[in-house]
Amino acid sequence: MRTAVSELDMTSASSLDEALRALRDEKRTPIAGATDLYVALNFGTLEQRKFLDIWAVDELRNISERGDMLVLGALATYTSMIRSPLVVKRLPMLVEAARQVGGAQIQNRGTIGGNIANGSPAGDSLPVLAAADAVVVLRSADAERRVPITEYYTSYRASVMRPDELIVAVEIPPVEGKQWFRKVGTRAAQAISKIVVAGVRSAEPRISFGSVAPTVMRVPLTERALASGAGIDEAVRVLAQEIAPIDDIRSTAEYRLRVATNLLRRFWTETA
Ligand SMILES: Cc1cc2nc3c(=O)[nH]c(=O)nc-3n(C[C@H](O)[C@H](O)[C@H](O)COP(=O)(O)OP(=O)(O)OC[C@H]3O[C@@H](n4cnc5c(N)ncnc54)[C@H](O)[C@@H]3O)c2cc1C
């Protein structure tokens, strides 16, 4: 049954300091675009009752460059990333991913911070961030720390983020090489991925898959095979040993494995 909105205790923050103090002192759950949380509310599976709306914290909305890093504020929406000349220039595979998230409404409200924090293995931005060696910036009222996205998740939908922390940004170092992104779902829009992949073609290729494991994953054995000059047939064999997709309501393990290996071939031929 749908969770009654009247059962929820909601406050909002207008600055980052205010938000971090509320997380520390009042133990609230942050809400950004609410596109994931609202689904849980609708299904009646929302566990939390005390929320902190951070949508008005404009400090978290910027997309900028700091040194050679591309910095995406946690509240950057898919629409803002699609429209950002910086993201278009430096991380076109993220633009590609953002274009395929939900529909226009979800792209207008859904945020990169929410996608990371939600931690679904099917989250479309996550393989891009993993292939780009992105770093998640976490901040509490007392400290800030940086965690590589490849070390951020500990198991299915679990991460190193503490309840008193917010994701404030994600930092992306320069990406050298051709970028590539594909999502395979039931249809072109408003579909959750059955398989999602991002790749960077360089002397040391970087390849990351979503929906083939409990968390987004890089495939280091496959990457190493390709870097050492193995042919694509050999790399496909390595990938088939390296990933172990599961059956679930969206797809079967067999289908996912077949599609993942086909996508690896396409990545390799299309970026040659
Ligand atoms: C119809 C529909 C279609 C969708 N299609 C896709 C799709 O194609 N691909 C895809 O990947 N996702 C999809 N989603 C899921 C969702 O839109 C994305 O995951 C989105 O990025 C979530 O961002 P949000 O700001 O709305 O998160 P919210 O719903 O506000 O929050 C999600 C979670 O993240 C936490 N959180 C949010 N921001 C922060 C922060 N800065 N720091 C710490 N914790 C935070 C919240 O506490 C909550 O646990 C879809 C959702 C819907 C409803």
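Residues numbered from 1 in each chain as written. Predicted model: local features only at pLDDT ≥ 70, side-chain atom pairs only at ≥ 80, totals over all residues. Heavy atoms only, no water.

Q: Before we go on, may I ask you to explain the pattern of salt bridges in this structure?
A: For side chains of opposite charge, pairing can occur when their charged atoms come near one another. Taken as a whole and assessed by the stated rule, the structure comprises 23 salt bridges. Across the salt bridge formed by Glu270 and Arg182, the nearest N and O atoms sit 2.6 Å from each other. Taken together, the positions of Glu270 in helix 12 (residues 253-270) and Arg182 in strand 11 (residues 178-184) put the pair 88 residues apart, joining distant regions of the chain. With relative accessibility at 25%, the residue Arg182 sits in the partly exposed group. Across the salt bridge formed by Arg218 and Glu223, the nearest N and O atoms sit 2.6 Å from each other. Assigned by exposure class, Arg218 and Glu223 land together as buried. Each of Arg66, Arg139, Glu144, Arg146 and Glu171 takes part in a single network of salt bridges with overlapping partners. (Salt bridge = Lys/Arg side-chain N within 4 Å of Asp/Glu carboxyl O. Helix = DSSP H or I, 4+ residues; strand = E, 2+ residues; numbered from the N terminus. Buried < 20%, exposed > 50% of the residue type's maximum accessible area, 1.4 Å probe, protein only.)

Q: Could you clarify how one ought to interpret the sheet that holds strand 5 (residues 69-73) in this entry?
A: Adjacent strands of a sheet pair through backbone hydrogen bonds, lying either parallel or antiparallel. Pairing is antiparallel across the open sheet formed by five strands, whose spatial order is 4-5-10-6-7. At either end of the open sheet lies a strand with only one pairing partner, and these are strand 4 (63-66) and strand 7 (144-148). Recorded for the sheet is a direction-independent mean angle of 30° between the axes of neighbouring strands. In the sheet, strand 6 (residues 135-139) pairs with strand 7 via five bridges, with the strands oriented antiparallel. (Pairing = 2+ DSSP bridges. Axes fitted to C-alpha atoms, helices over the stretch in contact; angles between N-to-C directions.)

Q: What should I look at first to understand the site of the ligand in this one?
A: The ligand sits among 33 residues. The nearest are Pro30, Thr35, Asp36, Tyr78 and Thr111. Between an oxygen atom of the ligand and a main-chain N or O atom of Ala32, the distance comes to 2.8 Å. Between the ligand and Lys183 there is a distance of 2.9 Å, counted from an oxygen atom to a side-chain nitrogen or oxygen. Protein contacts shield 89% of the accessible area of the ligand, which totals 980 Å² for the unbound molecule. Breaking the shell around the ligand down by element, the ones donating at least two residues are strand 2 (29-31), helix 2 (37-43), helix 6 (104-109), helix 7 (112-118) and strand 10 (166-172). (Near = heavy atom within 4 Å. Polar contact = N/O pair within 3.5 Å; in protein donor to acceptor, adjacent residues only side chain to side chain. Areas by Shrake-Rupley, 256 points an atom, 1.4 Å probe, with all protein chains shown as cover.)

Q: I'm lost on the packing of aromatic side chains in this one. Help?
A: To describe a pair of aromatic rings, one takes the distance between the centres and the angle between the planes. Summed over all chains, the structure comprises three aromatic pairs. A centroid spacing of 5.8 Å and a plane angle of 55° characterise the contact between Trp180 and Phe267, whose relative ring orientation is tilted. Linking Trp180 in strand 11 with Phe267 in helix 12, this pair joins segments that are 87 residues apart in sequence. Take Trp180 and Phe267: they sit in the same class, and that class is buried. Taken together, the ring pairs connect Trp180, Phe267 and Trp268 into an aromatic cluster. (Phe/Tyr/Trp six-rings, centres within 6.5 Å; stacked < 30°, edge-to-face > 60°.)

Q: Any chance you could explain the side chain of Gln100 here in plain terms?
A: Secondary-structure assignment places Gln100 in the loop between helix 5 (92-99) and helix 6. Apart from residues no more than four positions distant in its own chain, Gln100 is found in contact with Gln107, Asp124, Phe181 and Lys183. (Contact = heavy atoms within 4.5 Å.)

Q: What should I look at first to understand the domain arrangement of the protein in this one?
A: The extent of an interface is frequently quoted as the accessible surface area lost upon association of the parts. When cut into domains, the protein gives domain 1 (5-53), domain 2 (58-172) and domain 3 (178-270). The distance between the C-alpha centroids of domain 1 and domain 2 comes to 19 Å. Counting each side, the surface lost to burial between domain 1 and domain 2 is near 1200 Å², with a carbon and sulfur contribution of 64%. When the area that domain 1 buries against domain 2 is broken down by residue, the three leading residues are Leu16, Leu20 and Thr35, summing to 42%. For the pair domain 1 and domain 2, the interface holds one salt bridge. The tally of links between domain 1 and domain 2 comes to three residue pairs in polar contact (both at pLDDT 80 or more). At five residues, the largest contribution of residues to the side of domain 1 that touches domain 2 is made by helix 1 (residues 16-26). For the side of domain 1 that touches domain 2, the per-class residue count stands at six nonpolar, four polar and two charged. (Domains from an automatic or database assignment. Buried area = accessible area lost by both parts, 1.4 Å probe. Nonpolar A, V, L, I, M, F, W, Y, C, P; charged D, E, K, R; others polar.)

Q: What exactly am I supposed to notice about the environment of Gly73 here?
A: Structurally, Gly73 can be placed in strand 5. The contact partners of Gly73, leaving out residues within four places of it in the chain, are Leu60, Asn62, Ile112, Val168 and Ala169.

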